[in-house]
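Structural description and commentary
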Amino acid sequence: MSRRRKTKAQDGPSLHSLLSQAARQATSELRRVVSAEGLPVEFWRVLEVLADERGRSMSDLAQAAGMQMPAMSKLVDRMTDAALIQRSADPSDQRRVILHISDFGLQKVQALRDDVREHRVRLERSFSPDQEALLRTLLREFIEAHR
């Protein structure tokens, strides 16, 4: 019976498993913070993008929130029904829709902003500044390479 030599990659969890676990952990902690205002994490991500009050097209919002278009479309419907965001026609192209945060959505963002900031500071303190910078670079490169 021959023994196969283990490669370095086989010594522990796969990269996919580690990325998934890290994303679940970070999302779980954020979920606890935003649920204080009755928001799912996905709603928070959209509200945070729209909080600059510039408005976004559906595709721009999906990209900024890191979501796929079909999921974003369904999410926008739910958020519109919850009065968190509003749709309007694009003045330069009436066929396009521009999404804006509502006053109610802004209230939610303002109510959560400090707690979310505190959550992010706790997360960032897990790393030295050099480690954080490296992790950000590696994650951006990973995302770009798999876009």
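Before reading on, note that the structure itself is shown above.
The shown structure was predicted, so the numbers you read here are calculated from the model rather than taken from an experiment. (Residues numbered from 1 in each chain as written. Predicted model: local features only at pLDDT ≥ 70, side-chain atom pairs only at ≥ 80, totals over all residues. Heavy atoms only, no water.)

**Observations regarding the overall build of the protein**
Put simply, the test is: Secondary structure follows DSSP: runs of H or I at least 4 residues long count as helices, runs of E at least 2 residues long count as strands, and numbering of each begins at the N terminus. Buried, partly exposed and exposed residues are distinguished by accessible area as a fraction of the type maximum, computed with a 1.4 Å probe on protein chains only: under 20%, between the cut-offs, and over 50%, respectively. We call two residues in contact whenever any of their non-hydrogen atoms come within 4.5 Å of each other. The Shrake-Rupley method, run with a 1.4 Å probe, gives the accessible areas here. Residue values count only the displayed protein chains as cover. When charges are counted, Lys and Arg are positive and Asp and Glu negative, with His and the chain ends excluded. Every charge is mapped to an atom, namely NZ of Lys, CZ of Arg, CG of Asp or CD of Glu.
Regarding its fold elements, the protein presents six helices and three strands. In terms of its C-alpha atoms, the protein occupies a principal-axis envelope of roughly 70 × 35 × 30 Å. Relative to its 147 residues, the protein shows a buried fraction of 28%. The long-range fraction of contacts in the protein, counting pairs at least 24 apart against all pairs at least 6 apart in sequence, stands at 51%. Accessible surface, the protein: about 10,800 Å² in total, of which carbon and sulfur atoms supply 51%. Put simply, the protein has 25 plus and 21 minus side-chain charges, and the middle of one group is 9 Å from the middle of the other.

**Let's talk about the side chain of Lys108**
Convention followed: Distance and chemistry together define a polar contact, namely a pair of N or O atoms within 3.5 Å, with one atom able to donate a hydrogen and the other to accept it when in protein, and with adjacent residues in sequence counting only for side-chain atoms on both sides.
Its location among the elements puts Lys108 in helix H5 (residues 103-124). In terms of polar contacts, Lys108 uses its side chain to reach the backbone carbonyl oxygen of Glu37, at 2.9 Å.

**Notes on the environment of Gln86**
Among the secondary structure elements, Gln86 is positioned in strand S2 (residues 85-90). Non-local contacts of Gln86, meaning those with residues more than four positions away in its chain, are made with Ile98, Leu99, His100, Ile101 and Ser102.

**A short note on the pattern of salt bridges**
Where we set the bar: Only one rule defines a salt bridge in this text: a Lys or Arg side-chain nitrogen within 4 Å of an Asp or Glu carboxyl oxygen.
With the rule as written, the count across this model stands at eleven salt bridges. Residues Glu118 and Arg122 are paired through a salt bridge, measuring 3.3 Å at the closest nitrogen-oxygen approach. On the criterion of helical spacing, the pair formed by Glu118 and Arg122 is a turn pair, its members being four residues apart in helix H5. The class for Arg122 is partly exposed, based on a relative accessible area of 43%.

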